[in-house]
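These are the residues of each chain, in order.
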Amino acid sequence: MKHIIGLGLAATFAATIVGAEAVKPTQVVFEDGAIAASLSGAAGDAENGAILMNKGSGNCIACHSVDALSDLPFHGEVGPPLDGVADRWSEAELRGIVADAKMMFDGTVMPSFYKTTGFTRLGDAYTGKAHADGEVQPLLTAQDIEDVVAFLVTLKEE
Amino acid sequence: MNLKPWIAAAVIGMAGAAFAQDDSTLSIDGEDFVTETAAPAHLDNLSTIYSGWRFRTPETQALQIDDFDNPAMIFVDQGIDLFNAVDGTEGKSCASCHTGGPEEFAGLHAQMPKVVDGKLVVMEDLINTHRQEVMGAEPWKWSGADMQAMVALIGLQSRGMPMDVVIDGDAAPFWEKGKEIYYTRYGQLELSCSNCHEDNYGNMIRADHLSQGQINGFPTYRLKQAKLISRHNRFRGCIRDTRAETFAEGSDEFKALELYVASRANGLDIETPAVRQ
């Protein structure tokens, strides 16, 4: 346990010093499924987070409904509604769930948004072709994760 | 909670059912179809299997209950023309040998894929083998219009018969391989067929109402693409959507998967050619 906390602190420390240096997907430290500090070293932007909930590699509402985003069409039912999610989970827990939900919910169907290894037949985005050699990008960047988390912490029920 | 339009649509006709497939009965030209039945014994995680028709909107469903409205029937007609068309170096058509017409193939679709001489064979293989070896004609492309028109024509001869593929004996190793593929979580989204079609059928995934992913209606006419969609093309699409490298149409992997998926529909009536959104 101790060394995990140590690493976490080191990461925070590094982030504070270098500013924009993000924690790499392979270096993220989970504690009971949660991630203590910002992955990008910066604060999140809830407005951009709301956009990511709908678009691109986030597309969270494919599986979750969110009343706060009811102006957007077609919310999914595969995952639980996210209304009031900030009452149920802390910021650190939400960061852990968005980065790699499998650390919190064993075997969940929710994709891991900040993960780059361990895939079977990894493709090149949605082309159906194999991923070429070279670095694998996570579904969301460190800052994207922070933005989504910043949006999620606003989801309080009264 | 504000009732979103798609929820409202899904709720119509449900009358408090536990899942979101509807209660409608499929009847084509006065003949009733089994769209819901007890799952075959080999299926551990489902107790009841449903045709994909039960998950579609009333508008899409309506297109399948009358052959005059079913847009796939144009392609079936083209299949009849192809059946009678001479092609290849031997100067033959399908009809030269199959003098009883496509009706000769009643019941065949229900048993496909099947193992012949140790090889797993699907309908497209049978068609191309006969084209090449008997007619001396060029093979058709797997998901090409001519191929799928012929698959649909032959499939239609078994419409209303229950799916009944063999999974033991020679077929067992292919079936096992297909099952393994079905439960493998592919791609960057790490999703298996079962994650969507077993764990979440009846749920909405964005704008799509998830069915059990059954193939008793294939080839299906897809309104979005305005043509007949082959089974392997559908498999490709679903695997591609997990951000994975797909398998090729006609590959051994997809043939094995087809056998396994077909076996999950054992007991459902064949609806070929079905209509989908």
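Residues numbered from 1 in each chain as written. Chains lettered and ligands numbered in written order. Predicted model: local features only at pLDDT ≥ 70, side-chain atom pairs only at ≥ 80, totals over all residues. Heavy atoms only, no water.

(A) Main features of the overall build of chain B. Within chain B, the secondary structure is distributed over 10 helices and 11 strands. Taking 2.2 N^0.38 as the reference for a compact globule, 277 residues should give roughly 19 Å; the C-alpha atoms of chain B span a radius of gyration of 19 Å, in line with that estimate. If one aligns the C-alpha atoms of chain B with their principal axes, the spans along those axes are about 65 × 40 × 30 Å. Of the contacts made within chain B by residues no fewer than 6 positions apart, 68% connect residues no fewer than 24 positions apart. Summed over its atoms, the accessible surface of chain B is roughly 11,700 Å², and 52% of this surface lies on carbon and sulfur atoms. (Helix = DSSP H or I, 4+ residues; strand = E, 2+ residues; numbered from the N terminus. Rg over C-alpha atoms; globule rule 2.2 N^0.38 Å. Contact = heavy atoms within 4.5 Å. Areas by Shrake-Rupley, 256 points an atom, 1.4 Å probe, with all protein chains shown as cover.)

(B) Structural view of the overall build of chain A. When helices and strands are counted, chain A shows five helices and zero strands. Going from the N terminus to the C terminus, chain A shows its helices and strands as α-α-α-α-α. Within chain A, buried positions represent 45% of all 158 residues. About 8,200 Å² of surface is accessible on chain A, with carbon and sulfur atoms providing 58% of the total. (Buried < 20%, exposed > 50% of the residue type's maximum accessible area, 1.4 Å probe, protein only.)

(C) Inspection of the interface of chain A and chain B at higher detail. Between chain A and chain B, the residue contacts involve 37 residues of the former and 30 residues of the latter. Here chain A packs against chain B, burying approximately 2,900 Å² in sum over the two surfaces, 51% of which is carbon and sulfur. The shortest N-O distance in the salt bridge between Lys115(A) and Glu190(B) comes to 2.9 Å. If you look at where chain A meets chain B, you find 16 residue pairs in polar contact (both at pLDDT 80 or more). (Buried area = accessible area lost by both parts, 1.4 Å probe. Salt bridge = Lys/Arg side-chain N within 4 Å of Asp/Glu carboxyl O. Polar contact = N/O pair within 3.5 Å; in protein donor to acceptor, adjacent residues only side chain to side chain.)

(D) Seen up close, the confidence of the model for chain A. When pLDDT is averaged across chain A, the result is 89; 87% of the residues are at 70 or more. Contacts for the low-pLDDT stretch residues 1–18 of chain A, under 50 throughout, to residues beyond four places or in other chains number 11 contacts. (pLDDT = per-residue confidence, 0-100.)

(E) Structural detail: the sheet that holds strand β10 (residues 227–229) of chain B. Residue and element names in this part refer to chain B. Pairing is mixed across the open sheet formed by three strands, whose spatial order is β10-β9-β11. Of all the strands in the sheet, the pair left with one neighbour each is β10 and β11 (275–276). Where strand β9 (residues 220–222) meets β11, two bridges bridge the pair, whose relative direction is parallel. Counted as the bridge partner of Tyr221 is Val275 from β11. (Pairing = 2+ DSSP bridges.)

(F) Broad picture of the pattern of salt bridges. Applying the stated rule across the entire model yields 13 salt bridges over all chains. Here Glu258(B) and Arg231(B) are joined by a salt bridge, their closest N and O atoms 3.5 Å apart. In this pair, Glu258(B) is assigned in helix α10 (residues 252–264) and Arg231(B) in helix α9 (residues 231–240), connecting sequence segments 27 residues apart. A residue is classified by how much of its surface remains accessible, and Glu258(B), at 2% relative accessible area, is buried. The class of Arg231(B) is buried, set by a relative accessible area of 5%. Several salt bridges share partner residues, and in doing so they unite Glu91(A), Arg95(A) and Glu146(A) into one network.

(G) Structural detail: helix α5 (residues 123–135) of chain B. All names here are of chain B. Here α5 is 13 residues long and its end C-alpha atoms lie 17 Å apart, about the 18 Å a rise of 1.5 Å per residue gives. Looking at the buried residues of α5, the elements they touch are α4 (94–97), β6 (119–121), α6 (145–156), α9 and α10. Among the residues trailing α5, Gly136 stands out with phi positive, at a value near 65 degrees. (Expected span 1.5 Å × (residues − 1).)

(H) Up close: the packing of aromatic side chains. Per the counting criterion, the structure on display carries 13 aromatic pairs over all chains. Measuring from centroid to centroid gives 6.2 Å for Phe55(B) and Tyr201(B), while their planes differ by 85 degrees, and the two rings are edge-to-face. Note that Phe55(B) is positioned in the loop between β4 (48–50) and α2 (58–62) and Tyr201(B) in the loop between α8 (193–197) and β7 (204–205), a separation of 146 residues in sequence. Judged by relative accessible area, which is 9%, Tyr201(B) ranks as buried. Linked through ring pairs, Trp175(B), Tyr182(B), Tyr183(B) and Tyr260(B) together constitute an aromatic cluster. Its guanidinium or amino end placed over the ring of Phe247(B), Arg121(A) lies 3.8 Å from that ring's centre, counting from NZ or CZ. (Phe/Tyr/Trp six-rings, centres within 6.5 Å; stacked < 30°, edge-to-face > 60°. Lys NZ or Arg CZ within 6 Å of the ring centre and 35° of its normal.)

(I) Layout of the state of the cysteines. Residue and element names in this part refer to chain B. The tally for this structure, following the rule as stated, stands at zero disulfides over all chains. We note that Cys193 lacks a disulfide partner, and the nearest cysteine sulfur, in Cys238, lies 7.4 Å from it. Left without a disulfide partner, Cys196 is nearest to the cysteine sulfur of Cys238, which lies 7.5 Å away. (Disulfide = S-S within 2.5 Å.)

(J) Fine view of the packing of helix α7 (residues 172–182) of chain B against α10(B). All names here are of chain B. At a closest axis distance of 7 Å, the pairing of α7 and α10 adopts a crossing angle of 90 degrees. Viewed along their axes, α7 and α10 adopt a mutual orientation that is roughly perpendicular. Residue-level contacts link Phe174, Trp175, Lys177, Gly178, Lys179, Ile181 and Tyr182 of α7 to Asp252, Glu253, Ala256, Leu257, Leu259, Tyr260, Val261, Ser263 and Arg264 of α10. Residue composition of the contact of α7 with α10, grouped by class: nine nonpolar, two polar and five charged. (Axes fitted to C-alpha atoms, helices over the stretch in contact; angles between N-to-C directions. Parallel < 35°, antiparallel > 145°, perpendicular 65-115°, else oblique. Nonpolar A, V, L, I, M, F, W, Y, C, P; charged D, E, K, R; others polar.)

(K) Structural context of the packing of helix α4 (residues 91–100) of chain A against helix α5 (residues 142–152) of chain A. All names here are of chain A. It is the contact of α4 with α5, at a shortest axis distance of 9 Å, that shows an interaxial angle of 130 degrees. Here α4 is positioned oblique relative to α5, judged by the angle of their axes. Regarding α4 and α5, the two cross each other, and that crossing is right-handed. The residues of α5 that touch α4, namely those facing Glu91, Leu94, Arg95, Val98 and Ala99, are Ile145, Glu146, Val148, Val149 and Leu152. (Left-handed = near helix turned anticlockwise from the far one by under 90°.)

(L) Seen up close, the side chain of Asn70(B). The topology assignment puts Asn70(B) in the loop between α2 and α3 (73–84). Dropping the residues within four chain positions of it, Asn70(B) is found in contact with Leu63(B), Gln64(B), Pro273(B) and Val275(B).

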